[in-house]
Each structure stands twice: as C-alpha cells, then as structure tokens.
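# Structural description and commentary
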Amino acid sequence: MTKRPPITNRVRDYRERHGGLTQAQLGEAVGVTRHTIIAIEQGHYSPSLETAFRIARLFGAGVEDVFGWEG
Amino acid sequence: MPLREASFREKSALAMLMLWLLVTAFYIVEMQPWRWTMHSIHAPMKPFVVATIAIIIGSIIVQAVLGARDPKEASAPADERERPILDKASSWSGTVLAVGCVASILHYLQHGSGDLLFHTIFLSLIVSAMSEFIFQLWLFRRGA
C-alpha cells in the first residue's frame, strides 16, 4: 500500500450533513467518479485544487474547512 | 473493495487480462511443438491468426457486456484520478514492449530467424498488453 498523502478531509462528514448526499451524487456534481470520492474519503487520493474547491463550494464551506494539512 | 464494487475500468482491465491470458495460453500451447525448431523459418502462422482474431472478437464482446451492465460509467471519460493511472500503466507497458522487442532483435541477430522474430515480437506485444492491465489493476487498487 502506498504512503497516504498528508492531506486530511472531512468530505464524508459534510456529505452526511448535507442530507446524506451519496458518493455518486457528489462525484457527479464535481465531475469525478464515485470511486474517486471513495478514494478521497479514505485518504488514498488527494484531489486536484479545482476539485477541492468544487467540493468545498458545493458544501458552502471553505477549502480549509473541508481539507486539512496533516504534515 | 470487493469485485462487484470495483469501478468499470478495474472490471474492464481484469476481464481483458483474463481474455489475453486465455489467448496467450492458446498461443503458447500451439507454438509448443515448434519449440525445438526455433532456428527454423517454418513456424506456423495459424496460431498468430487465430490469436489475433480471438483478441479482436473477445475484446468487443468483453467491452459490450461490461458496457451494457454499466452504460453510464462505461461512456464516462477518465477523471483526474484515473487519467494518470491509465497514462502510467500505458507508459510502463511501453517499456515492457521495448524490452521484448530489443530481446527479440538481439535473438534475431544471433540466430537469424526472421520467422521467429515475428512470433517473439508478437509475444512481446501480448505480454506488454497484459502488463498494462496488471499495472492498471495494481495502481487502481493501490489508490494512486
């Protein structure tokens, strides 16, 4: 297993807070696949800046509210 | 992640790997009787023709079946996580093909069998294609 990226996220929390938005719905809304959302939530993949902004905006939050730096 | 939860691209890579493995097994078995006449220029063309047709038809069937099961994902372009994985797997498999071709050419220089060169390069192509699917599966599973 590859080393996890040092970026943490609260995508799952925000998703659940937003009426239980599914991973597929979130993925479709921001232009990635459901599997990419799964990888982001599990911390296996750090999204591009553009996708991070799209996710944060969808939740009406700032990027730093949704994503954090663990390093 | 269980297989049924795997993405379309993972399922596609796995199905294509299985298909290519079957074709490779057939090709190697068919070429086996010619193993001891490697310097001959009379290695048969039939395995090559059958393997090529099997790969073309098999690929169409595999993609059609997988596409019918999940048409939405099948028609979607690769996203930002998948693109680098596909590019990396393609690049690495290109290296595998190059190694196979160079080895085949060196063998040709040593033994001078153009017929054998043809078959070893074809085999290199098969190995390269299989390695691309293996790299894809590994990178998708690794979460790169």
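Residues numbered from 1 in each chain as written. Chains lettered and ligands numbered in written order. Predicted model: local features only at pLDDT ≥ 70, side-chain atom pairs only at ≥ 80, totals over all residues. Heavy atoms only, no water.

## Comments concerning the overall build of chain B
- A count of helices and strands for chain B gives five helices and zero strands.
- For chain B, the succession of helices and strands along the chain, N to C, is α-α-α-α-α.
- Within the span of chain B, comprising 144 residues, buried residues form 38% of the whole.
- Counting only contacts in chain B whose residues sit at least 6 apart along the sequence, the fraction spanning at least 24 positions is 81%. (Helix = DSSP H or I, 4+ residues; strand = E, 2+ residues; numbered from the N terminus. Buried < 20%, exposed > 50% of the residue type's maximum accessible area, 1.4 Å probe, protein only. Contact = heavy atoms within 4.5 Å.)

## So, the UniProt feature "transmembrane region" (unreviewed entry) in chain B
Residues and elements named next belong to chain B.
- The feature "transmembrane region" (unreviewed entry), as annotated in UniProt, sits at residues 12–29, 49–68, 89–110 and 116–140 in this numbering.
- Taken end to end, residues 12–29 comprises 100% helix and 0% strand; its first and last C-alpha atoms sit 26 Å apart.
- Annotation note: span residues 116–140, helix share 100%, strand share 0%, distance between end C-alpha atoms 36 Å. (UniProt positions renumbered as here; feature names shortened; annotations may be inferred.)

## Thoughts on the packing of helix H2 (residues 46–69) of chain B against helix H5 (residues 114–142) of chain B
Residue and element names in this part refer to chain B.
- The contact between H2 and H5 brings their axes to 11 Å, and the two run at 25°. Taken as axis vectors, H2 and H5 run roughly parallel relative to one another. The hand of the H2/H5 crossing is left-handed. Where H2 approaches H5, its residues Phe48, Ala51 and Thr52 are matched on the opposing element by Phe118, His119 and Phe122.
- The residue makeup of the contact of H2 with H5, split by class, is four nonpolar, two polar and no charged. (Axes fitted to C-alpha atoms, helices over the stretch in contact; angles between N-to-C directions. Parallel < 35°, antiparallel > 145°, perpendicular 65-115°, else oblique. Left-handed = near helix turned anticlockwise from the far one by under 90°. Nonpolar A, V, L, I, M, F, W, Y, C, P; charged D, E, K, R; others polar.)

## Structural notes on the environment of B:Phe48
Residues and elements named next belong to chain B.
- Counting through the fold element by element, Phe48 comes out in helix H2.
- According to the relative accessible area criterion, Phe48 is partly exposed, its value standing at 22%.
- Considering only alpha carbons, one finds Phe48 and Met31, 17 residues apart in sequence, at a separation of 9.4 Å.

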